[in-house]
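Topology and contacts: notes
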Amino acid sequence: MKKPFLLVANLKMNLLSRDEVKQYLQVLHRESEGKRITQAEVIMCPPILWLNEFNHLPEAFHKGAQNVFWEKSGSYTGEISPVMLKNDGIEYVLIGHSERRLYAGETNDIVRTKTHSALKNLLMPIVCIGESEEERRRGMTHSALEIQLEGIFSGLSKLQAEKVIIAYEPRWAIGSDRTPTTEEIREVKNLIQNYLTKHLDEGTAERIRVLYGGSVKSAYLGAVSWEAGMDGVLVGRESLFPYEIVKMLGLYEQYQLAIS
Ligand code: 13P
């Protein structure tokens, strides 16, 4: 079955009050009114405190959390259990975002533990991987990505593995207004596909969705996603503008019409 295009909106640590959240959602509903989304799915990832405010979303929109802990319950001050998320109707969770690797010291081991725990607790993890500027300059992009892929997939069954969504976010492209070329993204997509085919099998590899993230804008949406063979995008700053989210969905619908 064809995988729907996925747009993940990472609102990061923005929307500072309940009023701001309400306003954001009002605009989102207004912008999406009357626009049928048939080819795509959206996952909104607001700050954890506001997740419940996102209960009523337009059709084809789902909710995701920005982080999760690996234990189910206990003395872990400040952490959120995967069971809490699941019990509260959350389906997806971002894991291993480079900002968490940078500011919260998340290592590949932690990313693996969190990913495996999320899967065991029936959440769908959107796991971020990406090379640093330095790794890119030294021609180490592929080896850096392979190490991160190994961290995520080793020890997973095929059935678990196909629930993972990979988000390729080069660290130097986040918040920078710089993006890799379509060709570079395509190369990374091939690398991921080959890795998954080798370690799982071709069918499983094809079912695993791979997204691009890092300075995504509607102006060059196609170039960083479908033209590069990606199954969707992970959007940061632009997702703070509901108009932009809806515009991107419209662009994908147009592209689908054009090729059908
Ligand atoms: P920007 O789109 O703001 O570059 O952020 C990308 C990102 O980190 C999404 O998770």
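Presented here is an overview of the structure given in this document. (Residues numbered from 1 in each chain as written. Predicted model: local features only at pLDDT ≥ 70, side-chain atom pairs only at ≥ 80, totals over all residues. Heavy atoms only, no water.)

Notes on the nonpolar core
Formed by 64 residues in total, the largest nonpolar core has its most connected members in L7, M44, F54, F61, F153, I166 and I245. The biggest single contributor to this core is helix 8 (residues 182-199), with 6 residues. Other than its neighbours up to four places away in sequence, I245 contacts L7, A9, Y24, V42, M44, F61 and S239. Counting residues in hydrophobic clusters, the runner-up holds 12 residues, among them C128, I165, L211 and L234. (Core = buried A, V, L, I, M, F, W, Y, C linked by side-chain atoms within 4.5 Å. Buried < 20%, exposed > 50% of the residue type's maximum accessible area, 1.4 Å probe, protein only. Helix = DSSP H or I, 4+ residues; strand = E, 2+ residues; numbered from the N terminus. Contact = heavy atoms within 4.5 Å.)

Regarding the packing of aromatic side chains
Taken as a whole, this structure holds 9 aromatic pairs when the rule is applied. Aromatic pair Y168 and Y212: ring centres 6.2 Å apart, planes at 65°, arrangement edge-to-face. Taken together, the residues span a long stretch of sequence, with Y168 in strand 6 (residues 165-168) and Y212 in strand 7 (residues 209-213) at a distance of 44 residues. Residue class for Y212 comes out buried when judged on its relative accessible area of 0%. Seen in terms of ring centroids, W226 and Y255 are 4.7 Å apart; in terms of plane orientation they differ by 15°. Their pairing is stacked. Within this pair, whereas W226 is found in the loop between helix 10 (221-224) and strand 8 (232-235), its partner Y255 is found in helix 11 (residues 242-259), the two being separated by 29 residues in sequence. We classify W226 as buried; its relative accessible area is 15%. Judged by relative accessible area, which is 26%, Y255 ranks as partly exposed. Every member of this aromatic cluster is reached through a ring pair, and the members are F5, W226, Y252 and Y255. (Phe/Tyr/Trp six-rings, centres within 6.5 Å; stacked < 30°, edge-to-face > 60°.)

Here we look at the site of the ligand
Of all residues adjacent to the ligand, which total 13 residues, the nearest are K12, H97, G175, S215 and R237. Between the ligand and N10 there is a distance of 3.0 Å, counted from an oxygen atom to a side-chain nitrogen or oxygen. Measuring from an oxygen atom of the ligand, one finds a side-chain N or O atom of R237 at 2.7 Å. If the ligand stood free it would expose 300 Å²; the protein chains cover 99% of that surface. When its residues are assigned to classes, the shell around the ligand shows 4 nonpolar, 6 polar and 3 charged. (Near = heavy atom within 4 Å. Polar contact = N/O pair within 3.5 Å; in protein donor to acceptor, adjacent residues only side chain to side chain. Areas by Shrake-Rupley, 256 points an atom, 1.4 Å probe, with all protein chains shown as cover. Nonpolar A, V, L, I, M, F, W, Y, C, P; charged D, E, K, R; others polar.)

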